[in-house]
Amino acid sequence: MAVSAGSNETSYLLPPNREDWEEQGIPDFVYGQKELTREGIQWPRTPPSPPDTLPLSRFDSALRSAWRQRMELGLFRYCLGELQTQTLPGPMGFVAQLNVERGVQRRRPQNIRSVRQAFDPEEFNFNKIRPGEVLFRLRREPDPPGVLQEEEDILVMINVSPLEWGHVLLVPEPARGHPQRLLPGALRAGLEAVLLSSHPGFRVGFNSLGGLASVNHLHLHGYYLTHRLPVEGAPSEPLDPGGRLHLLRAVPAPGFLFYTSGPGPDLEALVSRVCRATDYLADHEIAHNLFVTRGAPPGKTSFSPTLTGVRVILWPRKASFGIKEGEAFNVALCELAGHLPVKTPQDFSSLTEAAALTLIQDCLLPPAQAEEVRAALVALTAQEEQ
C-alpha cells in the first residue's frame with residue numbers, strides 16, 4: 001500500500017526504512033480524461049534554467065518528487081547533476097549535453113540479433129529490478145459507460161542510467177514478458193503521459209531492437225529537457241489526401257509525422273495508425289525509433305511558443321546491434337530528434353553540426369529502401385478508408 005501523505009492524498013515517496021520498501025507495494029497514480037491537457041502548454045519567452053520554474057501538473061509533481069528522492073537515496077548508477085549544455089551553431093538547433101557517466105556506467109546492451117527477437121526471461125528484464133525503483137503504477141479511470149477500452153497497468157520506474165532529469169521508463173505489465181515491440185497500450189500510455197504533463201519539455205520515446213534498445217523487454221522512455229527541439233515545429237508535407245501521414249523535413253533526419261490534437265477518438269486513431277506502421281517495420285526486420293513531443297500541427301509551421309497538440313515522429317533506420325565505441329554519441333530516439341547526449345568532454349567541445357549530421361545520417365536507410373518503406377506506409381494509411 002502507498003504511504004499516506006494526508007487524508008486524501010497519495011505519497012509516491014519511499015518509507016524511511018529500506019526493509020519496508022518491498023512490503024510497501026506500488027502506489028497507483030490514477031488519472032482521468034480531464035487531466036489530459038490539450039491547451040495552454042507553451043514555452044516561456046525566455047528559457048528558464050531549472051525545469052521546476054515552469055508550472056507543474058499533478059503528474060509532474062508526483063514523478064519529479066519521487067524521482068528526486070530515489071536520486072537522493074542512491075538508487076541510480078550515478079548522481080545526475082546539472083549537465084553542461086550547448087546549442088550547436090547552425091540551422092538544425094542541435095541541443096548537445098555532456099553526460100560522461102551515462103556513457104561509462106550504463107548497463108551493457110543485451111546480445112540482440114533481430115528486430116523480432118523473442119523475450120528471454122534469463123536475460124536482464126524489468127522483473128529483476130530492485131525494490132524502490134518503481135515510482136508508481138499509471139492507471140486511467142474507467143471511461144464513461146458504453147465506451148470500451150482495454151486498459152493496461154503501466155509501471156513508471158527510474159532509468160538507473162539517466163540521460164536527463166526525470167528520466168523514467170514506462171513498462172506495461174512486465175510480468176507478461178513482452179519483447180521490445182511497440183503495442184497499442186504502451187503507445188497510448190506514452191501519449192497520455194505527455195498530455196498529463198504541463199511541462200512543454202516532457203518527451204516520450206521508443207527504440208526498437210536494432211534501434212539501440214538495450215533491453216529486450218517492452219518499455220518506453222520519458223524525460224524532461226528544458227530546451228526546444230527542431231522536431232517540434234519543423235514543416236512537413238502530406239503523404240496522403242486525408243493528411244494523416246506526413247513527411248517531416250528540415251530536421252536532423254527526415255521522419256514520418258503523425259499528429260493528434262489531444263485525447264479522444266483522434267488519439268485512438270493515431271495509436272492504431274502508428275502501431276500498424278511499426279508492425280510493418282518489425283515484420284520486415286527494419287529497425288526504428290519513435291519520439292513523442294508536444295508540437296505544432298503538420299504543414300508549413302514555425303516555432304511558436306504555444307504547443308497545440310502532440311507530434312509522433314517515426315524513423316525507420318539501419319539496424320545497429322551493440323554500442324559503437326569511439327563515437328561522440330549513439331544514434332537513437334533523442335539524437336534523431338536533435339538532443340545529443342555526448343560521451344566525452346573532448347567530443348563535446350569539438351562537436352559541430354556537420355559532424356553530428358554525418359553521424360545521424362549514416363544510420364538512415366539507403367534511398368531505395370527508404371522509398372520502399374514510404375510507399376508501404378502510404379498504402380497502409382490508404383487502407384483506413386476501405
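The notes below deal with the structure included here.

Cut-offs used in this document
Residues numbered from 1 in each chain as written. Predicted model: local features only at pLDDT ≥ 70, side-chain atom pairs only at ≥ 80, totals over all residues. Heavy atoms only, no water. Buried < 20%, exposed > 50% of the residue type's maximum accessible area, 1.4 Å probe, protein only. Helix = DSSP H or I, 4+ residues; strand = E, 2+ residues; numbered from the N terminus. Pairing = 2+ DSSP bridges.

**Notes on the pairing of strand β13 (residues 255-260)**
Burial analysis of β13 places 6 of its 6 residues in the buried class, which makes it a mostly covered element. Bridge analysis of strand β12 (residues 246-248) against β13 gives 3 bridges, and the strand direction is antiparallel. The residue of β13 that forms the bridge with His246 is Leu257. The turn joining β12 and β13, which pair antiparallel and follow one another in sequence, is formed by 6 residues; a positive phi near 55° is taken by Ala250. Here β13 pairs with strand β15 (residues 309-317) via 5 bridges, running antiparallel. Note that in β15 the partner of Thr260 across the bridge is Val310.

**Side note on the environment of Leu83**
Looking at the element boundaries, Leu83 is found in the loop between α2 (58-72) and β4 (85-87). Residue classification places Leu83 among the buried residues on the basis of a relative accessible area of 14%. Placed 57 residues apart in sequence, Leu83 and Arg140 show a C-alpha to C-alpha distance of 34 Å.

**Points about the pairing of strand β5 (residues 95-98)**
Alternating positions in β5 separate into two faces, Val95 and Gln97 on one and Ala96 and Leu98 on the other, with burial throughout. Summarising the sheet, β4 and β5 pair through 3 bridges and their orientation is antiparallel. Note on β5: the bridge partner recorded for Gln86 is Ala96.

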